[in-house]
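# Coordinates in review
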Amino acid sequence: MYRYSLIILSFLMMTELSAQKIEKVLLDKNDTTRNCYTIIYPDSLPWMGYLFLAPGFGETAEDVLLQTKLPVETAERGILTIIPTFQDGVSSFGFDSLSQQAFRRIVDDVTSRHKLQDLEYYLGGFSMGGSTVVKFAETADKKPKAVFAIDSPLDFERFYNSTKRDVMLFGKGGSGEENIYLYLLSRIEQIMGGTPQTALKNYHKISPYSLSDTTQSAIKGLLGTPIRIYIEPDIQWWLDERETDVFGLNIIDCSAMINELKRLGNDRAVLITTQNKGYRKPDNNRHPHSWSIVDNRELIEWLLQQK
């Protein structure tokens, strides 16, 4: 039997969330770090829908609640909001087959537990969480009413090659970033069964989008789905602050996928670019790869308008 436990929030979050009922549901009753989900409940019935909001790589549900008010604001508008954690915990890549299976298990549990079979649902995510929900939407039997992703890597052939280039560039400078990039390369090779040179078909099959896949078989699962991708392509900031150029940014994947979806006939596929909105809490440090680039209220109105 599944066990419920209330989330212990920091005093900063308690101020924002005092009006919301929040629960953490454990699918494996002895493990609080994976195969679980956090629910933010609307104050009253009826619910207008339910939203799965996937965190970025390394983020807990508490991190999400600190960085953005979106889960609180969706709940205030009557949308049951769920923040999932998959089988690898905060280290889940999300788009791989095991993570997708864990995602389906969470979706099935939420749907059956709250009897939501006749209610529409939405998908959204930040960074790798956006990769997760786009992949899920492409293969889901019951399509979401709408999908959004925030600055997400989508083409993991491009991501692998740009990360390998980062190893070369940062390695020459002796940067400690090199170990992070080597870890990412190793994980991608494990998921894909090799490199783009040895297992390109797997990159096409598993990635949410692939520039080099001329058939575009993956994104055809989104032709009837309203989708938004948010991104803040502040190239000068990346050059100055991270010594990273456009080849290492997700704008390549995001703009290419939206362009191809539109060409294939999805007139509800939209790329939203922002300027100077990216700041991270609690110190409001400038960073274009942030939850804050989204206009939450406008996004929620868009979700509720989708038919």
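All figures in this text were calculated on a predicted structure; none of them were measured in a lab.

The rules behind these values
Residues numbered from 1 in each chain as written. Predicted model: local features only at pLDDT ≥ 70, side-chain atom pairs only at ≥ 80, totals over all residues. Heavy atoms only, no water. Helix = DSSP H or I, 4+ residues; strand = E, 2+ residues; numbered from the N terminus. Buried < 20%, exposed > 50% of the residue type's maximum accessible area, 1.4 Å probe, protein only. pLDDT = per-residue confidence, 0-100. Contact = heavy atoms within 4.5 Å. Salt bridge = Lys/Arg side-chain N within 4 Å of Asp/Glu carboxyl O. Phe/Tyr/Trp six-rings, centres within 6.5 Å; stacked < 30°, edge-to-face > 60°. Lys NZ or Arg CZ within 6 Å of the ring centre and 35° of its normal. Expected span 1.5 Å × (residues − 1). Lys, Arg positive; Asp, Glu negative; His and termini not counted. Axes fitted to C-alpha atoms, helices over the stretch in contact; angles between N-to-C directions. Parallel < 35°, antiparallel > 145°, perpendicular 65-115°, else oblique. Nonpolar A, V, L, I, M, F, W, Y, C, P; charged D, E, K, R; others polar.

### Let's talk about unusual backbone geometry
Note: most peptide bonds trans; most residues except glycine with negative phi. Residue proline 46 is bonded to the preceding leucine 45 through a cis peptide linkage, with omega at 0°. Tracing the backbone shows proline 46 in the loop between strand E3 (36-41) and strand E4 (49-54). For the bond running from lysine 281 to proline 282, omega is 5°, close enough to zero to count as cis. Structurally, proline 282 is set in the loop between strand E10 (279-280) and strand E11 (285-286). Non-glycine residue serine 127 carries a positive phi angle of around 55°. Looking at the element boundaries, serine 127 is found in the loop between strand E6 (121-126) and helix H5 (128-139). A relative accessible area of 13% places serine 127 in the buried class.

### A closer look at the confidence of the model for the chain
Residues of the chain with pLDDT of at least 70 account for 91%, and the chain-wide mean is 92. Contacts from residues 1-16, a stretch scored under 50 in pLDDT, to residues over four places away or in other chains number 36 contacts.

### A short note on the pattern of salt bridges
Scanning the model with the defined rule gives ten salt bridges in all. With a shortest N-O distance of 2.9 Å, arginine 165 and aspartate 245 are connected by a salt bridge. Residue arginine 165 is found in helix H6 (residues 156-172), and its partner aspartate 245 is found in the loop between helix H9 (235-242) and helix H10 (251-263); the two are separated by 80 residues along the sequence. The salt bridge partner of glutamate 298 is arginine 228, with a shortest N-O separation of 2.7 Å.

### As for the packing of aromatic side chains
All chains considered together, the criterion is met by 14 aromatic pairs. Between phenylalanine 95 and phenylalanine 156 the ring centres are 4.0 Å apart and the planes differ by 25°, which places this aromatic pair in the stacked class. Of the two residues, phenylalanine 95 sits in the loop between strand E5 (79-85) and helix H4 (97-113) while phenylalanine 156 sits in helix H6, which places them 61 residues apart along the sequence. Each of the two residues, phenylalanine 95 as well as phenylalanine 156, counts as buried. Feature note: the residues Tyr50, Phe52, Phe86, Phe103, Tyr121 and Phe136 constitute an aromatic cluster, connected by ring pairs. The ring centre of tyrosine 41 lies 5.0 Å from the NZ or CZ of lysine 21, which sits over that ring. Between arginine 286 and the ring centre of tyrosine 279, over which it is positioned, the NZ or CZ distance is 5.5 Å.

### A word on H10
Counted at 1.5 Å a residue, the expected span for H10 with its 13 residues is 18 Å, and the 18 Å between its end C-alpha atoms agrees. Among all positions in H10, only Ile251, Asp253, Cys254, Ala256, Met257, Ile258 and Leu261 are buried. Positive backbone phi, approximately 115°, marks glycine 265, located one or two places after H10.

### What about the side chain of lysine 135?
Topologically, lysine 135 is positioned in helix H5. One buried charge, lysine 135, has no salt-bridge partner; the nearest side chain with opposite charge is glutamate 138, at 4.2 Å. Other than its neighbours up to four places away in sequence, lysine 135 contacts Phe95, Gln100, Lys205, Ile206, Ser207 and Pro208.

### Structural notes on the packing of H4 against H5
Closest axis-to-axis distance for the H4/H5 pair is 11 Å, and the angle between their directions is 75°. Classified by the angle their axes make, H4 and H5 are roughly perpendicular. Each of Gln100, Phe103, Arg104 and Val107 in H4 lies in contact with H5, whose residues at this interface are Thr132, Val133, Lys135, Phe136 and Thr139. Partitioned by chemical class, the residues of the contact of H4 with H5 number four nonpolar, three polar and two charged.

### Examining the side chain of threonine 225
For threonine 225, the position within the fold is in the loop between helix H8 (200-206) and strand E8 (227-231). Setting aside residues up to four positions removed in sequence, threonine 225 forms contacts with Lys143, Pro144, Val147 and Asn266.

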